[in-house]
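Close look at the chain arrangement
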Amino acid sequence: MHRVKLVLFVLAGLGAAALVAEQSPAPAQEPGANQASPQAPAQPQAPVGVARPPAYPVRPPADPAVVARGRQIFSANCSFCHGSDARGGEGGPNLIRSELVLNDNSGELITTVVQNGRPDKGMPKFDLAKEDIASIAAFIHSMPVGGRAATTGTVDPLVGDAKAGEAYFNGAGKCATCHSVTGDLAGIGAKYKDVRALQGTMLSGEPRGELAEAPHKTVTVTLRDGQTVEGTLEQVDDFIVSLVDANGNYHSYDRQGDSPKVVIKDPLQPHLDMLQTLKDVDIHNLTAYLVTLK
């Protein structure tokens, strides 16, 4: 009888404790505490024999020629900020694991950013065709994403032969037909403290970093009466062309097909054309040569 009373006493105590626990507020959890709760159920395990989807998109191999072209365009326009391997550079983030890039298929998302820029983050817009941006996308998508591949270091741009770069500058590269080492390029190796900025300027023809004063496109508009108006291009599309002439006067003309006739001169076009044939060894050699011009 004594044993029965003892058991009943213990059960009564446990019941009272359970009632108190039920009425008492739950203790506050530390942020990030790994505790299960009805509001935050644990991730369900994949059924046996069913593979989880890959962490990163699996893409079919791209055309090597498109990837190579995209790499050249990226090197000329994007590498200064995002690094030569797209994994981050002077102020630009790593693009390899960017959520937008991971969700992009053929450049449709990247095109919006490139053509409109991100002024709030210091990224200007770039006047690149969709085909060029699609090639850039193919290059970025060709880079390995998972594992240690996304955390490699930057590439040293000073790996070329300065003498070979000088020979290319004055010979096959035809650089000397537009530029002079005693004129517009005098002391360029000392003006650019960042070699990657110097290399980006060499490839695109557009000054970068501390010397960011890009040349402007010019336009000649021939009106129906034969009059011509020339100046710095402000805007051009299928409906309008506008410019500022040498006296600072603004001109704007409606366009209907080929009228008025519009001829645009882009001082950077030779550099853009050069990207189609320029090889890695030429880029490295030219960079090594220009660095010596101090």
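Here goes a summary of the coordinates provided. (Residues numbered from 1 in each chain as written. Predicted model: local features only at pLDDT ≥ 70, side-chain atom pairs only at ≥ 80, totals over all residues. Heavy atoms only, no water.)

**What to know about the sheet that holds strand E5 (residues 261–265)**
Definition in use: DSSP calls a pair of strands paired once it identifies at least 2 bridges connecting them. Labels follow the DSSP assignment, with helices taken as runs of H or I lasting at least four residues and strands as runs of E lasting at least two, numbered in each case from the N terminus. A fitted line through C-alpha atoms represents every axis, and for helices the fit uses only the stretch in contact; the resulting angles, taken between N-to-C directions, go from 0 to 180 degrees.
As summarised here, the arrangement of the 5 strands in space is E4-E3-E2-E1-E5, forming an open sheet in which the pairing is antiparallel. Unpaired on one side and paired on the other, strand E4 (250–254) and E5 mark the two borders of the sheet. In this sheet, adjacent strand axes meet at a mean angle of 40 degrees when their direction is disregarded. Here strand E1 (residues 218–222) runs beside E5; their pairing, made up of 5 bridges, is antiparallel. Counterpart to Thr220 in the pairing with E5 is Val263.

**Brief notes about the side chain of Asp266**
Short version of the rule: To sort residues, take the accessible area from a 1.4 Å probe on protein chains only and compare it with the maximum for the residue type: under 20% means buried, over 50% means exposed, and anything in between is partly exposed. For the purpose of counting charges, residues Lys and Arg are taken to be positive, whereas Asp and Glu are taken to be negative. His and the chain ends are not included. A side-chain nitrogen of Lys or Arg and a carboxyl oxygen of Asp or Glu constitute a salt bridge if their distance falls within 4 Å. Residues count as neighbours in contact if any of their non-hydrogen atoms are within 4.5 Å of one another.
Within the secondary structure, Asp266 sits in the loop between E5 and helix H10 (269–274). No salt bridge is formed by the buried Asp266; its nearest oppositely charged neighbour, Lys217, is found at 4.2 Å. Not counting residues within four places of it along the chain, the set of residues in contact with Asp266 comprises Lys217 and Leu272.

**Quick notes on the packing of helix H5 (residues 108–116) against helix H6 (residues 130–141)**
Formally: When describing relative orientation, an angle under 35 degrees is termed roughly parallel and one over 145 degrees roughly antiparallel, while 65 to 115 degrees is termed roughly perpendicular and anything else oblique. For any pair of crossing helices, the crossing counts as left-handed if the nearer helix is rotated counterclockwise from the farther one by less than a right angle, and right-handed if it is rotated clockwise. Throughout, the ten residues Ala, Val, Leu, Ile, Met, Phe, Trp, Tyr, Cys and Pro are labelled nonpolar, Asp, Glu, Lys and Arg are labelled charged, and all others, Gly among them, are labelled polar.
For the pair H5 and H6, interaxial distance at closest approach is 9 Å and the crossing angle is 120 degrees. Taken as axis vectors, H5 and H6 run oblique relative to one another. The interaxial crossing formed by H5 with H6 has right-handed handedness. Across the interface between the two elements, Ile110, Thr111, Val114 and Gln115 from H5 touch Lys130, Ile133 and Ala137 from H6. Residues of the contact of H5 with H6, tallied by class, amount to 4 nonpolar, 2 polar and 1 charged.

**Focus on the pattern of salt bridges**
Taken as a whole and assessed by the stated rule, the structure comprises 2 salt bridges. Where Arg69 meets Asp132, a salt bridge forms, and the shortest distance between an N and an O atom there is 2.4 Å. Here Arg69 is found in helix H2 (residues 64–77), whereas its partner Asp132 is found in helix H6, with 63 residues between them in sequence. In this structure Asp132 comes out as buried when scored by relative accessible area, which is 16%. Across the salt bridge formed by Asp127 and Lys217, the nearest N and O atoms sit 2.8 Å from each other. Taken as a pair, Asp127 in the loop between H5 and H6 and Lys217 in the loop between helix H9 (195–204) and E1 lie far apart in primary sequence, 90 residues in all.

**Regarding the pairing of E1**
In E1, alternate side chains face the same way, and those of Val219 and Val221 are buried while those of Thr218, Thr220 and Thr222 on the opposite face are not. As judged from the 5 bridges shared by E1 and strand E2 (residues 228–236), these two strands associate in the antiparallel manner. By the bridge assignment for E2, Thr222 is matched with Thr228. The loop that links E1 with its antiparallel partner E2 comprises 5 residues; one of these, Gly226, has a positive phi angle of about 95 degrees.

**Focus on the packing of H9 against helix H11 (residues 280–291)**
At a minimum axis distance of 10 Å, the contact between H9 and H11 shows a crossing angle of 115 degrees. The handedness of the crossing between H9 and H11 comes out as right-handed. In contact with Val195, Leu198, Gln199, Met202 and Leu203 of H9, H11 contributes Ile283, His284, Leu286, Thr287, Leu290 and Val291. When its residues are assigned to classes, the contact of H9 with H11 shows 8 nonpolar, 3 polar and no charged.

**Details of the nonpolar core**
Quick reminder of the rule: Throughout this description, the term nonpolar core refers to a set of buried Ala, Val, Leu, Ile, Met, Phe, Trp, Tyr and Cys residues connected via side-chain atoms within 4.5 Å.
Counting 21 residues, the largest nonpolar core has Ile188, Leu203 and Leu290 as the members making the most contacts within it. Broken down by element, the residue count for this core peaks at 5 residues, all from H11. With residues near it in sequence (within four places) discarded, Ile188 still touches Leu198, Leu290 and Leu293. In this structure, Ile73, Val114, Ile133 and Met143 belong to the second largest nonpolar core, which totals 20 residues.

**Section: unusual backbone geometry**
Between Ser259 and Pro260 the backbone carries a cis peptide bond, its omega angle lying at -5 degrees. Inspection of the secondary structure puts Pro260 in the loop between E4 and E5. Look at Lys174: it is not a glycine, yet its phi comes out positive at around 55 degrees. Considering the arrangement of structural elements, one finds Lys174 in the loop between helix H7 (162–170) and helix H8 (188–191). Accessibility expressed as a relative area gives 59% for Lys174, which makes it exposed.

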